[in-house]
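Here's the letter readout for the chains.
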Amino acid sequence: MISWLQHRVRLIGLVVAALSVLGLLSYLTMARQEDPSFPYRAGLITVPYAGATAEAVERLVLTPLSDELLQVEEIDAFSATARTGVALVSIGLKDRIYDTDAAWERVRQAMERARAEFPSGVGTLTLDDRQIDIPAVVLAVRGDASLTRLTLEAERLKRALMDLPGLSRVELLGDVDEQIVIAIRDAELGRLGLSPDRLAQVLASRNQVIPGGFIVVGDTRLGLLPNTEFPDLEALRGTQISLPGGGSVPLSAIADLWRAPREPAQPKAWYDGDQTVLVTLIAQRGQVDAIRFGAELRQRLDELRSDFAPLVIDEMFFQPDQVEQRLGDLTRSLLLALLIINTVVFVGMGWRMGLVVATMLPLVALISLGLYNLGGGILHQIAVIGMVISLGILVDNAIVMVENIQDRLNRGEDRGQAMANAVRELVGPLGAATATTLAAFVPLLLSRGATADFTRGIPVMIMLTLSISYLLAVSVAPVVAARFLRPAPRVQSVWMAGLAGFLARLSTGHPWMVIALGLALLLGSLALTPWMKLQFFPNADRPQVVVELYLTEGTDQALTEGVATDLEAAIRERPRVRQVHRFVGSSGPAFYYNLPRANEAPNQARLVVNMASLSDTEGLIRWVRAYVAEQRPELDVVATTLGQGPPRVAPIEVRVFHPDERRRIAAAEQIFAWLKAIPDTADVRHDIDLGVPALAFEVDDAQAARLGLNRADAARALFARSLGQPVDIYRQEADPIPIVLRTPEGVAQTPEQLLSTRVFNAAGDAIPLPALARVEARWLPATIQQRNGVTLYTVTAHLERGVGYNEVLRALEANIAAAPLPAGTRIEFGGDAEGSGDANRAIATTAPVGLLLLLFFLLLQFNSYRRIGIILVTVPLAAVGVIPGLVLTGQPFGFQSLLGVIALVGIVVNNAIVLIDRIDQNLREGRPVHEAVAEAVRRRTRPILLTTATTVAGLLPLAFSASTLWPPMAWAIISGLLASTLLTLLVIPALCCTLMRALTQPTATTPVPLHA
């Protein structure tokens, strides 16, 4: 191999240059996104059951459906809600499921089995298995008071954008579906002897699509077009209605006719105060460059805007800008890390060796990017972070090789000999040492779940760059170093020599004292654990505040709209507020991957507030909470910033189960009160059902039969009077419009007006409703919540800034221990506690694989369990720095910090390998143990400190970045590495002095001289 390298220098240069060009082109052209995509593991089943109460929906729909879903092994958990007239089931698949299409097909089969048990009247089941799709862009069409016109123009814009490259689908939000209302006048119908059913039959018979055929005149077919449907609304108004006594009258004589929004009211949206219709554009998954997609969309919009004037098309949410800003910030951090690392290398190694090592960094980065792109990788923030972390590690191999060649040149070897001997000596040890570092990242690579899917780009990029760095270190670096380096006297600084000597004397002269000191420091750091905050994932760093409004169940959407409007007006008066977007009846578009999705409900609204800067968000959140508590205490409001990591409802989520309804309510109220009393919680809420009022019409079957009526007749009459009796479809526009027959008041009529309802029998007699039914007020359940088929209540809470979820749960558990919940109560913790536990279990499942690989490579190197044990001591020594480092910097311990700890394992183990390898070399030369250890410490202090300095330097831009996601990981690595490096130079030599014996023969099959 060495001879081949020496005679194939040009070939090596060509390959490296070609791969570097590939990497450069990949960087310029590869797909860019802000975050990785998640598999389709979330879905929503909707089952309409018109007229059924929540209790009936639970009993007749949810029970058989839940029984079938529980048999689908791919389902992890499902939550169900029964409301009046509808059942909603949210499904989450297990983390191990990646072939989601097959899993959703099994869910559909379960739905079909459940359908066979449903009663008649249950509508069509629908499954949305694309719940996690995030719009790349949300456009707002505004500038007209008519929501109908905005809807038509938004539909036209949708059609104009359908062929945009990379577009998956376009959806409208806040649009209005119309209906044609025929508002009958009861007095006129009664006077003329007409019934609503008769009128509906007449209108439907005159509005049909019936072909007339054609005739052949000469050689030409002539189509026959009978007027079987209404060509326009004027024709509908003027159509003649036959009277029972003979004669006819136009429809306009007995009814008013107009176009109106369909009832009940649909969700609405406002762009910065102006009512709007939203056009959401969802990009295709995979190799779609979000930045390029945004540029092409803006170019298309510039061409279209004049056609839509005077209407305005605004960008409400534009993800491509976020992608460009995020990747731009991280790229600057990457370049700054490169600059800092190169500075450290030049200062620590001199300009010649520093230049050779510095050359390897851009080559490794470019080649890694090229191969990453060839493998289908997407450039997102996780991949860039993986490269930033690896920068300080990957330079170690080049440092080892270059220093070895320089040392050989200094000893008088010629260039060819120096290169050949260095490669021959280091190709195996460097490969094994690199493998031990790669082994530390195997658990992250193999773990499953939403958290692992989000962060998998880090181990992929680190393992790729380290592998490339090893290959270049044993091929390119020797060639460049042999040609560029010159023999030079090795000069070590006085302070470095003094430090190395001091560490050698301390560790070998007082080994037991050093070991005791290391143990004391470890115990002291562990004692700081109670002061360490736990946070699964930090909040996002976008300057946006999301305000969720919840009114009591049964609230009409008009009231919700008014309340949301008032709160928006108050927020607009606050300083530093840039824009406020309002959504009523729904949560609006899911413009961010972590944003909780809520089902459509007339009692819910959302405000999205764009602030001037991230620092302004906390002040507005506190003001909203104080304002609502003082001015609108009846409101249930949650104000927070956007989160990161897998979506969850709230950081604190407590699920309360009990078979008895009253005890379940008591337990939920008790937990709610405890959480409210904890000072560090905010926006505490529960979903205890308070019920909704209803008017029950009890039909006297005997009396109804005497009048020629039945219960169904009474129900249809009530429905027709409020929401309207369906007549037919008006087909003369782009979308069919339903025609309904109802009273002029519709849903706005009073109970007294409702009691004047008349029910028509087959003979056409109008019977007052009170003549066959009595009316009574009732209080019915509004919603019924289930999880995996079991009824529950949920209590949620958000946290004050800087508070860890563990602190709140610790206080809650203390309250539960002091005052137990009702007997039989079972609780589960969701939120961050559940997400963190799932992520940790996923890593723990794959950790044995990484540990076995690590032990395999260590045993391959040293062939000694004693030495492996000494090396592994460095792992707990890292805790001496990690815990105090996070506590002192105020960073929480979460999944990002755990990533840092995992990265530490591979780094600190190599430091110990470096030291013990040199000790073994000295022992093989026949030196006494203490002398061998002391000489190894003096010899290895400089390279260990240099590699530590490059790793720390590369992470400094992340540690001090404005991002909320990466500083915890960076500080965990920095603080752990600094402490572990110092203790490695003290405790490891001390352990070697006490545990090793002088050797008469080698203890390892292969020497491992890594850093000299």
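Everything numeric here is computed off the predicted structure, so don't read it as measured data.

Caption draft 1: View of the overall build of the protein. A tally of helices and strands in the protein yields 32 helices and 30 strands. With the C-alpha coordinates aligned to their principal axes, the bounding extent of the protein is approximately 125 × 85 × 55 Å. Sorting the 1012 residues of the protein into buried and exposed places 54% on the buried side. A fraction of 80% describes how many contacts in the protein between residues 6 or more apart in sequence connect residues 24 or more apart. For the protein, the exposed area adds up to about 42700 Å²; of that, 58% sits on carbon and sulfur atoms.

Caption draft 2: Local environment of helix α18 (residues 511–527). Along its 17 residues, α18 runs 24 Å from first to last C-alpha, staying within 8% of the 24 Å computed at 1.5 Å per residue. Every buried residue of α18 is accounted for by P511, V514, I515, G518, L522 and S525. The buried side chains of α18 occupy one side of the element, clustering within an arc of 100° when seen end-on. Of the residues in α18, the exposed ones pointing more than 90 degrees away from the buried face are W512 and L523.

Caption draft 3: Just unusual backbone geometry, in detail. In this model, E263 is joined to P264 through a cis peptide bond whose omega is 0°. Look at the link from A309 to P310: it is a cis peptide, with omega at 10°. Take P310: it is sitting in the loop between α9 (290–308) and β15 (312–318). Not every positive phi belongs to a glycine, and R576 is a case in point at roughly 70°.

Caption draft 4: Region of interest: the confidence of the model for the protein. In this model, the protein carries an average pLDDT of 87, and 97% of its residues clear a pLDDT of 70 or more. Taken as a whole, residues 999–1012 scores under 50 in pLDDT and shows 50 contacts with residues more than four places along the chain or in a different chain.

Caption draft 5: Focus on the sheet that holds strand β24 (residues 737–742). An order of β12-β7-β24-β23 is seen for the 4 strands of this open sheet, with the pairing classed as mixed. The sheet is open, and its two borders are formed by β12 (255–261) and β23 (725–730), each paired with just one other strand. Between one strand axis and the next, the sheet turns through 25° on average, direction left out of account.

Caption draft 6: Representation of the packing of aromatic side chains. Evaluated as defined, the whole model comprises 11 aromatic pairs. Ring centres 6.2 Å apart and planes at 5° place the aromatic pair F38 and F454 in the stacked group. Taken together, the positions of F38 in the loop between α2 (9–29) and β1 (42–48) and F454 in helix α14 (residues 450–455) put the pair 416 residues apart, joining distant regions of the chain. Across the pair, exposure class does not vary: F38 and F454 are buried alike. Residues Y592 and Y593 carry aromatic rings whose centres are separated by 4.9 Å and whose planes lie at 50° to one another, so their mutual orientation is tilted. Neither residue differs from the other here; Y592 and Y593 are each classed as buried. Three or more aromatic residues link up through ring pairs in this structure, and these residues are F38, F454, F537, Y592, Y593 and F895. The ring centre of F484 lies 5.1 Å from the NZ or CZ of R352, which sits over that ring.

Procedures and definitions
- Residues numbered from 1 in each chain as written.
- Predicted model: local features only at pLDDT ≥ 70, side-chain atom pairs only at ≥ 80, totals over all residues.
- Heavy atoms only, no water.
- Helix = DSSP H or I, 4+ residues; strand = E, 2+ residues; numbered from the N terminus.
- Buried < 20%, exposed > 50% of the residue type's maximum accessible area, 1.4 Å probe, protein only.
- Contact = heavy atoms within 4.5 Å.
- Areas by Shrake-Rupley, 256 points an atom, 1.4 Å probe, with all protein chains shown as cover.
- Expected span 1.5 Å × (residues − 1).
- Arc of directions from axis to C-beta.
- pLDDT = per-residue confidence, 0-100.
- Pairing = 2+ DSSP bridges.
- Axes fitted to C-alpha atoms, helices over the stretch in contact; angles between N-to-C directions.
- Phe/Tyr/Trp six-rings, centres within 6.5 Å; stacked < 30°, edge-to-face > 60°.
- Lys NZ or Arg CZ within 6 Å of the ring centre and 35° of its normal.

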